[in-house]
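# Summary of structural features
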Amino acid sequence: MPEERDEPSAEDGLTRIHSPSSRLGYLLAGLVGLVLALVVFGSVVAISLLTLPRGAGGQTAPVSVDVPMPWGAAILALLLFIPLHELVHAVVHPGLGLSPRTVVVLWPVKLRFGVYYEGCMTLRRWLVMRLAPLACLSVIPVALLMLVEIGPTFFALEIFWQVLTLVNLVGSGGDVVAAIWVLRQVPAGAEICFRGGKAYWR
């Protein structure tokens, strides 16, 4: 096995992937995240209004729910959002996130937590990895919540998924921005490589 090098050489055939500045990156991630949340939940509200049962005169029938707000479920969703989001990223890494190349990053000073892969993967796999939390924690749960009737007994579970879905949509803005940014620079069929915290393609 060749010796690992922190910096790529010309023989590696690696091209640096340039990232936006931190300020621009956070701005774009926040805006895209808000747009995702508005589009998804706006669509849910619109579909719900169109499918509500109608009473006499075409008026929507009132819905009466006398269930206390499960604040514990909402708080739990907020606490688990980042670990679940990063776990989904890691599972799509080569080796299902169990490889020594998958590194957990903890930055308490900036309240940051994440996973990082030190190595190479195909562009297709990287895109799936990057967008997997959006699909698994937001898009699929929203579709299931719309298809399955949840009664008062499981109201806390419904609130948990609604809050988790909402914050994950906002948090996935950075993933969508990163995917678009990389697709503008990396040709199809290439590999994405990470060395020393920097991204390259070949």
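For the chain, the average pLDDT comes to 82, and 81% of its residues sit at 70 or higher. Throughout residues 1–5 the model reports pLDDT below 50, and contacts reaching past four residues in sequence, or to other chains, amount to three contacts.

Our focus in this paragraph is the side chain of Ser 138. Take Ser 138: it is sitting in helix H3 (residues 123–147). Within the structure, Ser 138 has its side chain in polar contact with the backbone oxygen of Thr 165 (distance 3.2 Å). A polar atom in the side chain of Ser 138 sits 2.8 Å from the side chain of Asn 168. Residues contacting Ser 138, with those up to four places away along its chain left out, are Pro 133, Thr 165, Asn 168 and Leu 169.

Here we take up the sheet that holds strand S4 (residues 120–122). Taken in spatial order, the four strands of this open sheet run S1-S6-S5-S4, and their pairing is antiparallel. The sheet is open, and its two borders are formed by strand S1 (15–16) and S4, each paired with just one other strand.

For the rest of this paragraph, the subject is the pattern of salt bridges. Within the structure shown, the criterion is met by two salt bridges. Residues Asp 175 and Arg 130 are paired through a salt bridge, measuring 3.1 Å at the closest nitrogen-oxygen approach. Of this pair, Asp 175 sits in helix H5 (residues 173–183) while Arg 130 sits in helix H3, and the two are 45 residues apart along the sequence. Taking relative accessible area as the criterion, Asp 175 reaches 6% and is therefore assigned buried. Here Arg 130 falls in the partly exposed class, since its relative accessible area comes to 25%. Its salt-bridge partner being Arg 202, residue Glu 191 comes within 2.9 Å of it at the nearest N-O pair. With Glu 191 in strand S5 (residues 191–195) and Arg 202 in the segment after strand S6 (198–201), this residue pair connects regions lying eleven residues apart in the sequence.

Calculation rules
Residues numbered from 1 in each chain as written. Predicted model: local features only at pLDDT ≥ 70, side-chain atom pairs only at ≥ 80, totals over all residues. Heavy atoms only, no water. pLDDT = per-residue confidence, 0-100. Contact = heavy atoms within 4.5 Å. Helix = DSSP H or I, 4+ residues; strand = E, 2+ residues; numbered from the N terminus. Polar contact = N/O pair within 3.5 Å; in protein donor to acceptor, adjacent residues only side chain to side chain. Pairing = 2+ DSSP bridges. Salt bridge = Lys/Arg side-chain N within 4 Å of Asp/Glu carboxyl O. Buried < 20%, exposed > 50% of the residue type's maximum accessible area, 1.4 Å probe, protein only.

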